[in-house]
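Coordinate inspection notes
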Amino acid sequence: MAKQWKEKVESIIKQLRPELQELSEYIYANPEMGHEEFLSSKAHVELLRQHGFEVEYPYLGIGTAFRAVYKGKTAGPTIAYLSEYDALPGIGHGCGHNLLGATDTGAGIALSKLVDEAGGTVIVLGTPAEETNGDKVTMSDAGTFDDVDVAFCTHPSDGYYASGTSMAMEAIEFRFYGQTSHAAASPYEGNNALDACINFFNNVSSLRQQIHPSARVHGVIKEGGEAANVIPDYTRAEFYVRAMDMPYLNELREKVIRCAEAGALAANCTMEWGYYEAAYKNLITNETLSSLYNENMQSLGIEMITEERDSMGSMDMGNVSQVVPAINPYFEITNGKSVSGHTTEFRECTLTEEAYKAMDKTIAGLTYTALDLIGNPDKLNKVKEEFSNSVISKN
Ligand SMILES: [Zn+2]
Ligand SMILES: [Zn+2]
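The model shown is predicted, which means the values in this text are computed figures rather than measured ones.

Definitions and cut-offs
Residues numbered from 1 in each chain as written. Chains lettered and ligands numbered in written order. Predicted model: local features only at pLDDT ≥ 70, side-chain atom pairs only at ≥ 80, totals over all residues. Heavy atoms only, no water. Domains from an automatic or database assignment. Buried area = accessible area lost by both parts, 1.4 Å probe. Salt bridge = Lys/Arg side-chain N within 4 Å of Asp/Glu carboxyl O. Polar contact = N/O pair within 3.5 Å; in protein donor to acceptor, adjacent residues only side chain to side chain. Nonpolar A, V, L, I, M, F, W, Y, C, P; charged D, E, K, R; others polar. Phe/Tyr/Trp six-rings, centres within 6.5 Å; stacked < 30°, edge-to-face > 60°. Helix = DSSP H or I, 4+ residues; strand = E, 2+ residues; numbered from the N terminus. Buried < 20%, exposed > 50% of the residue type's maximum accessible area, 1.4 Å probe, protein only. Donors = N, O, S within 2.8 Å, 3.2 Å for Na, K, Ca; no water.

According to the domain assignment, the protein chain consists of domain 1 (3-166 + 282-394) and domain 2 (168-275). One C-alpha centre belongs to domain 1, the other to domain 2; they are set 38 Å apart. For the pairing of domain 1 and domain 2, the buried interface totals around 580 Å² over both sides, and the portion due to carbon and sulfur atoms is 54%. On the domain 1 side of the interface with domain 2, the three residues burying the most area are Asn-282, Met-312 and Ser-314, jointly 77% of the side's total. At the boundary of domain 1 and domain 2, one finds zero salt bridges. Here domain 1 is connected to domain 2 by two residue pairs in polar contact (both at pLDDT 80 or more). Counted by class, the side of domain 1 that touches domain 2 contains one nonpolar, six polar and no charged residues.

Here we take up the packing of aromatic side chains. In this structure the tally under the stated criterion is 13 aromatic pairs. Measuring from ring centre to ring centre gives 5.4 Å for Tyr-81 and Phe-152, while their planes differ by 25°; the resulting arrangement is stacked. With Tyr-81 in strand 3 (residues 78-83) and Phe-152 in strand 5 (residues 150-152), this residue pair connects regions lying 71 residues apart in the sequence. For Phe-152, a relative accessible area of 0% translates into the label buried.

Attention shifts here to the coordination of the zinc ion (ligand 1). The protein atoms that coordinate the zinc ion (ligand 1) are Cys-95 (SG), His-97 (NE2) and His-155 (NE2), at distances of 2.0 to 2.3 Å. Going along the chain, you hit the donors of the zinc ion (ligand 1) in the pattern C-x1-H-x57-H. Between the two metal centres, the zinc ion (ligand 1) and the zinc ion (ligand 2), the spacing is 3.1 Å, with Cys-95 acting as a shared donor. With Cys-95 in the loop between strand 3 and helix 3 (97-112) and His-155 in strand 6 (residues 155-157), the pair connects residues that are 60 residues apart, well separated along the chain. Per residue, the accessibility class of Cys-95 equals that of His-155, and both read buried.

See the structure below:
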């Protein structure tokens, strides 16, 4: 990274800090659940418009999504930064999406100040409902990334973790249908849909012994009957099925469905299944892009942790990573302490000076990485080559 860029980036970030801090604190104070992030998305859009972005809002018919574009004066690659701003029930911004939004939008704004000279286009996407029914899935399916060269999303955490993996996940509901009858007077005339459902859970427990240790199958009974003296004619369970890649997820889904079919058969009931939330694909980190980002962070005095993380969640960034080269690294906001996400403690960390310093460094790392790609077509080609080998060939 040329010195002249570094100095410019540093001064841009210094100027942006009060606005980004204000954005994060406003969103912290107004936590909104997925698809209800009206104030949060509006605050992002207003800031991006002030900085000269052309914004489509709502985007793809989603009220709280947006697509903000700043086209540089000269041609070059298109870099996308993805912002999230949804909160969690009860604890507000326990996942730190207030700071996530400010950081990724901040990186977009910082880069927009440089692309007139460096070349290229910057896109900031407002991506609603990451915690529930993530719209990165909708965007990946709708072709949002067709004209994008690389995509970044960075998440607050208790360490500077390099982009890794996440699990592919499907949200499947199973509905069992039987026949009501009086549970004491004429149980022999009924078909017990709750037995079918419980059989299903027991079948899944048997299956679990033979599945890959990294895979997960877990569920709850959402509707289990109305009264103890009535044989239930309808029950419904919601499940998540997770695996490290799509081929194994496809295999596992079929096995879980067979568990439900067998449960229904044994209780003389019928079964239907369907999806109740969007399916998330596994995250495929573009290692070339990830190394470039890690080196840039190192130049800022941050050593990225490259060991695999223990936590195995699923995220809608997975879908993005399967249509465009992408990374999803983490930045530390907990001042050296170990604090898990989805807690009130983690939420409070987003307001600290340490967190804002981490935001500044992360914005610098993201901007440097984009400038590296804009200035070196060879590097971008290597990123794309890896993408075709690792993602396109596997799908
Ligand atoms: Zn999160
Ligand atoms: Zn979360």
